[in-house]
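Residue-level structure breakdown
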Amino acid sequence: MKDGSFLLVLLAACAALPAQNSVVVPANHATREGSNWADQPFGLGTQGRVQHLYGAGIVGTPPTAILRGLAWRGDGRADNGAKANVDLELLVSTSPRDPLAPATHFPANHGAQVVTVFQRKLVQLPGLPPAGSWPRPFAIPFPFDVPYLYMSAAGTLVVEGRIHNQPGGAYAIDAVGWEPAREEYRGFDCGQIFVRITGGTVPPNGSDLAWEVESAPPGGIALLLLGTTVLPAPLRLPVGSCFLYQDAPVILAGAVGAGGAARFSLPVARGMFLAVLHSQVVAADPALTRMPATATRITTIGGAYPVSTVFNIGSVTLPFGSAWTTVAPVVELRL
């Protein structure tokens, strides 16, 4: 089959997929304000060139999708007045480039095929509500002149904006940055046992997830239960009055020292970013007369979003810029 015929068949197959209006990247920020902001490409009074790289793992489109547009939203902590006559074009490609190791050479971040999806024209940026209203709607839309075929297996989605001219004035858009590990409780600590959870961020600057157990029965055993689901109803443990609150497909055992302490740790790999882990500690004394248990802790793994921004402030033609890793705008992809 000739290449052109293959492409037509592939496009027809995409058209037959179930309709999906849009996806937010990252998905967990659809209704949540980002922890950062970006002034590229609109918050400058100069020419400029900016690339935003999004790892395939957080681009929640179907495996094969036709992108028909995108939209940004204003940063909820800033006032954005309207901007007229912004001379802009947008390019999209799919790249094997690691989004956390971008090149400062713009062409090196693009994949083999670069498509000018939004052809150069003057655009009017809307005025946005006053600061303190967030998250804002995705009210900065760019419908594509040329749809883009994105296949997530091919790698990183690269969106490049080229500003040929624009008036001065700030225009901040919402962005993600570092995501700290988060923790929630289900149930109650019982039997005067305590656990402190630390770490839980992926590389770069990663830290292992660790459980520091205190006040467990000295000389006994501690069990770390790892799972994914809270039980519909707690189950009473076989000894005492404490409860099991979660499933436990993985159980780790450790000895409790004379001071009542035990420790567990779990290496955190990059692919675990934003994974959710349920954990509960159950202990027992040597005679099996006491069985204290902690509440279930629901930990969301944090760390660096697999995104980056490469920018040149002042030139739209120079091929080099500066890289800012782990930060990129929250974007809505229109399908």
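Residues numbered from 1 in each chain as written. Predicted model: local features only at pLDDT ≥ 70, side-chain atom pairs only at ≥ 80, totals over all residues. Heavy atoms only, no water.

With respect to the overall build of the chain
Stated formally: Strands here are runs of E lasting at least two residues and helices are runs of H or I lasting at least four, both read from the DSSP assignment and numbered beginning at the N terminus. Think of it in three bands: with a 1.4 Å probe and only protein chains considered, a residue is buried below 20% of the maximum accessible area for its type, exposed above 50%, and partly exposed in between. Contact criterion: two residues are considered in contact whenever any of their non-hydrogen atoms come within 4.5 Å of each other. All accessible areas in this document rest on Shrake-Rupley with a 1.4 Å probe, and a residue is counted as covered only by the protein chains that are shown. Neither His nor the chain termini are counted; the positive set is Lys and Arg, and the negative set is Asp and Glu. Every charge is mapped onto a representative atom, which is NZ of Lys, CZ of Arg, CG of Asp or CD of Glu.
The number of helices and strands found in the chain is 2 helices and 25 strands. Projected onto its principal axes, the C-alpha positions of the chain cover 80 × 50 × 35 Å. Classification of the 335 residues of the chain by burial places 48% in the buried group. Taking the contacts inside the chain whose residues are at least 6 apart along the sequence as the reference set, 81% of them involve residues at least 24 apart. As displayed, the chain has an accessible area near 14800 Å², and 60% of this comes from carbon and sulfur atoms. Charge separation in the chain, taken as the distance between the mean sites of 21 positive and 21 negative side-chain charges, equals 3 Å.

A look at the state of the cysteines
Going by this rule: Two cysteine sulfurs form a disulfide in these notes if their separation is within 2.5 Å.
In the structure shown here, the tally under the stated rule is 1 disulfide. Note on cysteine connectivity: Cys190 is disulfide-linked to Cys242, with sulfurs 2.0 Å apart. Taking the torsion about the S-S bond as the criterion, the Cys190 to Cys242 disulfide, at about -80°, is left-handed. Taken as a pair, Cys190 in the loop between strand E11 (182-186) and strand E12 (194-198) and Cys242 in the loop between strand E15 (230-236) and strand E16 (243-246) lie far apart in primary sequence, 52 residues in all. Across the pair, Cys242 and Cys190 agree in class, each one buried.

A look at the confidence of the model for the chain
So the rule is basically this: The predictor attaches a confidence to each residue, and that confidence, scored 0 to 100, is pLDDT.
Of all residues in the chain, 94% have pLDDT values of 70 or greater, and the mean over the chain is 91. Throughout residues 1-19 the model reports pLDDT below 50, and contacts reaching past four residues in sequence, or to other chains, amount to 10 contacts.

Examining the sheet that holds strand E20 (residues 296-300)
Think of a sheet as strands paired side by side through backbone hydrogen bonds, with each pair either parallel or antiparallel. Put simply, the rule reads: In this analysis, strands are considered paired if DSSP registers two or more bridges between them. Lines fitted to C-alpha atoms define the axes, with helix axes restricted to the stretch in contact, and inter-axis angles between N-to-C directions lie between 0 and 180 degrees.
An order of E11-E20-E19-E14-E17 is seen for the 5 strands of this open sheet, with the pairing classed as antiparallel. Pairing within the sheet leaves two strands with one partner each, and these edge strands are E11 and strand E17 (250-255). Across this sheet, the average inter-strand angle for adjacent strands is 25°, counted without regard to direction. Summarising the sheet, strand E14 (residues 221-227) and E17 pair through 6 bridges and their orientation is antiparallel.

Side note on the packing of aromatic side chains
Rule in force here: Only the six-membered ring of Trp is used, alongside the rings of Phe and Tyr, when aromatic pairs are assigned; centres must lie within 6.5 Å, and planes under 30 degrees apart are stacked while those over 60 apart are edge-to-face, with the rest tilted. A ring is considered to have a charge above it if a Lys NZ or an Arg CZ atom is located within 6 Å of its centre and within 35 degrees of its normal.
Applying the stated criterion across every chain yields a total of 7 aromatic pairs. A ring pair is formed by Trp72 and Phe142, whose centres lie 5.7 Å apart and whose planes are at 70°; its orientation type is edge-to-face. Pair noted here: Trp72 is in strand E4 (residues 64-72) and Phe142 is in strand E7 (residues 140-151), with a separation of 70 residues, a long-range link. Owing to a relative accessible area of 3%, Phe142 belongs among the buried residues under this scheme. Look at Phe273 and Tyr305: their rings are 4.8 Å apart centre to centre, the planes differ by 80°, and that puts the pair in the edge-to-face class. Residue Phe273 is located in the loop between strand E18 (262-266) and strand E19 (276-284), and its partner Tyr305 is located in the loop between strand E21 (303-304) and strand E22 (307-313); the two are separated by 32 residues in the primary sequence. Look at Tyr305 and you get buried, because its relative accessible area is 0%. By way of ring pairs, the aromatic residues Phe42, Trp72, Phe118, Phe142 and Tyr171 are connected into one cluster. Over the ring of Phe118 we find Lys121; its NZ or CZ atom is 3.8 Å from the centre of that ring.

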